[in-house]
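Fold and contact review
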Amino acid sequence: MPEISPSVEFALNTFALLVWGALVMWMSAGFTMLEAGSVRTKNASMICLKNVGIFSIAGIAYYLVGFNIMYDDVDSIAGSFRFLFISPDAEMMVLDGDDSGLDELLGLHSAPSAQWLFQMLFVATTASIVSGAILERVKLWAFWIFTAVMTAFIYPIVGAWTWGGGWLAELGFEDFAGGTVVHVVGGSAALAGVVVVGARRGKFRADGTVKATPPSNALIMTLGVMILWLGWFGFNAGSVGGSATPQNAVAMATVLVNTNLAAAAGMLAAVACARPLFGRVGLATSLNGALAGLVSVTAGPVFSEHWWSLILGGVGGVLCTVATRLMERVRLDDVVGAVPVHLVAGTWGTLASAVAAGTDFGTQALGTLSVVSFVFVVSALTWKVIDWVVGVRVNPEIEYLGQDAAELGIESHPEFVLVPEDREGY
């Protein structure tokens, strides 16, 4: 096989990270559409603002301290708390036209700035998971404060344990594209938020029944899921790390095939089990089944037996649907189903990858339990502190009127006449 020159390899790998990263960035649009379509119209504009804020805060927090905690001089627990991500001197020298640092830079196989950007986009995705669970009752600034803490410290510490070479990596824990680092982390933090913040007023009646809060825009919600599906291609294939060799190309193609099959299996499995659980085939549960399939295959999508992806995705879709029903039974109000999709399916995928991708089951189980415990406890404490300092919930009148009109002074659909809902529970 002919060898490729180091400079061409470097250029191709860097370009691949940037292109796949652009798709991961587009997942922020998917989360925004999914969440805005899932809530009542009176809160849709606030959802848009929150998600643009998530992406902005995540980028700055990860630049200031997050990346160094995750990757710089990592011991078993965390890296350095050095302030600011700084590109290596070799990268700056080449940028300035000084080729004396080129050999050092080529030894990194891709540009450090591209590596930073790709990782930053993952942390923004993780924070978006939390947003969907606690919509329609959380103060804007309270949520943004939590986002800053999560993207600067909570996520990077877990990343240091795993991708940064910390104690879980030393034990042999495997997470190819973020089944645990992104999805279990985001789902665990979302569960902590749901528990601490509490349900929307009136969501659960005194007799135990659930008040229906149908999505305001099914079209936008579906579009959001399809955007996420597309973005997942960048999420998983980009984690190959480059495109300069035939092995890289085959790995990316294999990952994309497995990713797509898992999503399709998750969606159909969710449709199949929705009627016995909910008495109907619902759009939201079907869409979440597809997302659960995507999450399920993320921890280990590199396997040549493609039928494994049908099992991973299908079981993920079933588990997500069952978990959605169980959360209603225990009166936990997760607006978009973030916990079933990301925590439940992410845990399943991390453990199942021990079989599908050949990792050690015990190590995967230990890693998952450690991450869930750490993230849930620290996230719950963070929410408690924020509640004590600034409060996390809007007042009942704002929750009744909607955050768009009460806090932003606008409505997302002003041409429509809104019918006030009853004040049950307010």
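Residues numbered from 1 in each chain as written. Predicted model: local features only at pLDDT ≥ 70, side-chain atom pairs only at ≥ 80, totals over all residues. Heavy atoms only, no water.

On to the overall build of the chain. Secondary structure summary: the chain contains 16 helices and 0 strands in total. The C-alpha radius of gyration of the chain comes to 22 Å, within 12% of the 22 Å expected for a compact globule of 426 residues. A principal-axis box enclosing the C-alpha atoms of the chain has dimensions of 70 × 45 × 40 Å. Considering the chain as a whole, with its 426 residues, one finds that 54% of them fall into the buried category. Restricting the contact set of the chain to residue pairs at least 6 apart, pairs at least 24 apart contribute 78%. Taking the average location of the 19 positive side-chain charges in the chain and that of its 33 negative ones, the two points are 22 Å from each other. (Helix = DSSP H or I, 4+ residues; strand = E, 2+ residues; numbered from the N terminus. Rg over C-alpha atoms; globule rule 2.2 N^0.38 Å. Buried < 20%, exposed > 50% of the residue type's maximum accessible area, 1.4 Å probe, protein only. Contact = heavy atoms within 4.5 Å. Lys, Arg positive; Asp, Glu negative; His and termini not counted. Charge placed at Lys NZ, Arg CZ, Asp CG, Glu CD.)

Under the defined criterion, the tally for this structure stands at 15 aromatic pairs. A ring pair is formed by Tyr 62 and Phe 67, whose centres lie 5.8 Å apart and whose planes are at 90°; its orientation type is edge-to-face. Given a relative accessible area of 14%, Phe 67 falls into the buried group. Members of the aromatic cluster, joined through ring pairs, are Tyr 62, Tyr 63, Phe 67, Tyr 71, Phe 85 and Trp 116. Stacked on the ring of Phe 143, the Lys or Arg Lys 50 has its end atom at 5.7 Å from the ring centre. (Phe/Tyr/Trp six-rings, centres within 6.5 Å; stacked < 30°, edge-to-face > 60°. Lys NZ or Arg CZ within 6 Å of the ring centre and 35° of its normal.)

Our focus in this paragraph is the packing of helix H1 (residues 6-38) against helix H5 (residues 112-133). Axis separation between H1 and H5 bottoms out at 9 Å; the angle between their running directions is 15°. Taken together, the axes of H1 and H5 lie roughly parallel to each other. Relative to H5, H1 is oriented so that their crossing is left-handed. Residues Thr 14, Leu 17, Leu 18, Trp 20, Gly 21, Val 24, Met 25, Met 27, Phe 31 and Glu 35 of H1 form the contact with H5, whose participating residues are Ala 114, Gln 115, Leu 117, Phe 118, Leu 121, Phe 122, Thr 125, Ser 128, Ile 129, Ser 131 and Gly 132. The residue makeup of the contact of H1 with H5, split by class, is 13 nonpolar, 7 polar and 1 charged. (Axes fitted to C-alpha atoms, helices over the stretch in contact; angles between N-to-C directions. Parallel < 35°, antiparallel > 145°, perpendicular 65-115°, else oblique. Left-handed = near helix turned anticlockwise from the far one by under 90°. Nonpolar A, V, L, I, M, F, W, Y, C, P; charged D, E, K, R; others polar.)

For Leu 84, which is not glycine, the phi torsion reads 80° and is therefore positive. Topologically, Leu 84 is positioned in the loop between helix H2 (44-71) and helix H3 (89-95). Phi is positive for His 109, which is not a glycine, with a value near 75°. Given a relative accessible area of 43%, His 109 falls into the partly exposed group.

Turning to the environment of Gly 97, a few remarks are in order. Considering the arrangement of structural elements, one finds Gly 97 in the loop between H3 and helix H4 (102-106). Gly 97 sits 237 residues away from Asp 334 along the chain, and the two C-alpha atoms are 52 Å apart.

So, on to a nonpolar patch on the surface. Taken together, the side chains of Ile 145, Val 385, Trp 388, Val 389 and Val 390 present a nonpolar region at the surface, about 530 Å² in accessible area. Considering every element that reaches the nonpolar patch, the biggest residue donor is helix H14 (residues 361-389), with 3 residues. Mapped onto the elements of the fold, Val 385 is located in helix H14. (Patch = residues over 30% accessible without salt bridge, like charges linked within 9 Å, V, L, I, M, F, W, Y side chains within 5 Å. Areas by Shrake-Rupley, 256 points an atom, 1.4 Å probe, with all protein chains shown as cover. Salt bridge = Lys/Arg side-chain N within 4 Å of Asp/Glu carboxyl O.)

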